[in-house]
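# Structure assessment
Listed below are the residues making up each chain.
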Amino acid sequence: MKIAIIGTGYVGLPTGVGLAELGNEVCCVDKIKEKISALNAGELTLYEDGLEELFKKNVKAGRLSFTTSMAKAVIGADVVLLAVGTPPHPETKEADLQYIYAAAKELAQYLDGYTVIATKSTVPVGTGDEIEEIVRKVSPQADFDVISLPEFLREGFAIHDFFHPDRIVVGANSSKACEVMKQLYAPFEGKTEFLWVKRRSSEAIKYASNAFLAMKIHYINEMANFCEKAGADINEVAKGMGTDSRIGNKFLNAGPGYGGSCFPKDTNAMAQMARKYGVRLNLIETTIAKNDERKAEMAERVIAKIKNNPQGKIAVLGLAFKGGTDDCRESPAMDILKELLKHSNNIAVYDPKAMQNAEKLLGNQVMYAKDVYEACDEAEILVILTEWEEFRNLDLHRIRGLMKAHKIVDLRNMLNADAVKKSGFDYSCIGMNS
Ligand code: UDX
């Protein structure tokens, strides 16, 4: 099939590469010229595990191309996927749909033959109706359907998730569009669950899922606060809860609060959308407020540990909003660092992938270390903010030799508390009286 993808971000690019790998002819379009030039020169514009190999393979095979021309991408396409950003409005926190509207208006001019316009971007319930109206207004004669095709890819695991989805949700009010989707997703037939639902339900599923996961993280973080006071161990409690299949063992890792380009944005958008319908989503509103507070509380824990020596060097490991990605958007690490910077101008940071993106946000306020050990050199305290696997196996002996004082604040529970304490560190983590 011929597919046009509008937007080459964390959703559009991995989806385009995945669909090309399935044998489709995919053309990705983006307004940002530099991005398209880089992609056409064979350079990836974002880091995703496993993306590069498939990207190169499919470009070489002639199944994957990139352009700034909407006409080139859309003319002759069977399916047009909308994967543009829906960032939060700075004041209202509602999803800002300007890029969706602009893309719909532009693509409408080039529709020829029956086309399915599928929204992959996370959009408020009812946006499909608006897109339909916009396209109809621009091209009254066009033969098309607008469907909702929500994306559940996790950053850092986008390629894995593309090929192993938990489910494929298709929100369509037309059986003709469903037939096209059956053809597009035929390789997944029998391997995953398909949900054929109303377009509005599909739009709601995406928000309801992300808000639930955010709430689950907030829940385990509150339990961690409780465990710290009650002498229980959150890791054991989470394991005990997670073995109940009704609860499930995923998203029960206590930490410094959730971040990223989706959860903060989508929980806010969901709460605002519901308010417009006159519904208060109290659980979600509390989750948002408490998650924001949590990051300041985490910074306080670090500051309390260095109050006797505020000039002492702080070594920070992890800047990305989670392990496996170079993305620092809405990263709890960034929020915590901003708080720490109010108290210290002696901070060294290290992240395996996110140094460049972090530098754009932090500038010269911190020192950028080439590895864990350079960050720890002469440090008073070591703080772990992102769950990178490589932080699990730190050479504690070497770190002890490098540091001036021997304090570790592990906000991702990456280290083995007993082993760290045995190595002579003052160790604190989340959800246990360490
Ligand atoms: C999320 C959704 O999971 C995905 O389905 C959707 O399509 C996009 O948004 P992503 O933003 O890539 O994916 O990250 P995710 O893995 O969900 O983590 C989000 C945040 O929650 C991170 O800051 C992470 O560190 C935090 N988190 C996650 C926890 O603190 N504890 C957990 O147990 C899980």
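In what follows, the accompanying structure is described. (Residues numbered from 1 in each chain as written. Predicted model: local features only at pLDDT ≥ 70, side-chain atom pairs only at ≥ 80, totals over all residues. Heavy atoms only, no water.)

## Remarks on the pairing of strand S9 (residues 313-317)
- A large share of S9 lies buried, amounting to five of its five residues.
- Side chains Lys313, Ala315 and Leu317 of S9 all project onto a buried face; the interleaved residues Ile314 and Val316 project onto the opposite face, where all are buried too.
- Inspection of the sheet shows S9 paired to strand S12 (residues 379-384) by five bridges, in the parallel sense. Its bridge partner being in S12, leucine 317 is matched across the sheet by isoleucine 384.
- In the sheet, S9 pairs with strand S10 (residues 347-350) via four bridges, with the strands oriented parallel. Residue pairing in the sheet places leucine 317 in a bridge with tyrosine 350 of S10. (Buried < 20%, exposed > 50% of the residue type's maximum accessible area, 1.4 Å probe, protein only. Helix = DSSP H or I, 4+ residues; strand = E, 2+ residues; numbered from the N terminus. Pairing = 2+ DSSP bridges.)

## Some thoughts on helix H12 (residues 282-305)
- Along its 24 residues, H12 runs 35 Å from first to last C-alpha, staying within 8% of the 34 Å computed at 1.5 Å per residue.
- Considered for burial, the residues of H12 that qualify are Ile284, Glu285, Thr287, Ile288, Asn291, Arg294, Lys295, Met298, Ala299, Val302 and Ile303.
- For H12, the elements touching its buried residues are helix H9 (199-230), helix H11 (263-276), helix H13 (332-341), S12 and strand S13 (407-410). (Expected span 1.5 Å × (residues − 1). Contact = heavy atoms within 4.5 Å.)

## Observations regarding the pattern of salt bridges
- All told, the structure shown has 27 salt bridges when counted by the stated rule.
- One salt bridge connects lysine 57 with glutamate 21, and the closest N-O pair in it is separated by 2.8 Å. A residue pair is termed long-range when its members are at least 10 positions apart, and lysine 57 in helix H3 (residues 51-60) and glutamate 21 in helix H1 (residues 12-21) qualify at 36 residues.
- A relative accessible area of 42% places lysine 57 in the partly exposed class.
- Glutamate 52 is the salt-bridge partner of lysine 56, the closest N and O atoms lying 2.9 Å from each other. Here lysine 56 pairs with glutamate 52, and both are found in helix H3, just four residues apart, close to one helical turn.
- According to the relative accessible area criterion, lysine 56 is partly exposed, its value standing at 44%. (Salt bridge = Lys/Arg side-chain N within 4 Å of Asp/Glu carboxyl O.)

## As for the side chain of asparagine 210
- Checked against the element boundaries, asparagine 210 lands in helix H9.
- Since its relative accessible area comes to 8%, asparagine 210 is described here as buried.
- Those residues in contact with asparagine 210, other than ones at most four positions away along the chain, are Cys262, Phe263 and Asp266.

## As for the side chain of threonine 287
- Along the chain, threonine 287 falls in helix H12.
- Side-chain polar atoms of threonine 287 contact the backbone oxygen of leucine 283, separated by 2.8 Å. (Polar contact = N/O pair within 3.5 Å; in protein donor to acceptor, adjacent residues only side chain to side chain.)

## Here we look at the environment of tyrosine 110
- Looking at where tyrosine 110 falls in the secondary structure, it is placed in the loop between helix H5 (98-108) and strand S5 (115-119).
- Linking tyrosine 110 and alanine 77, residues 33 residues apart in sequence, is a C-alpha distance of 9.4 Å.
- In contact with tyrosine 110, other than residues within four places in its own chain, are Met70, Ala71, Val74 and Ile75.

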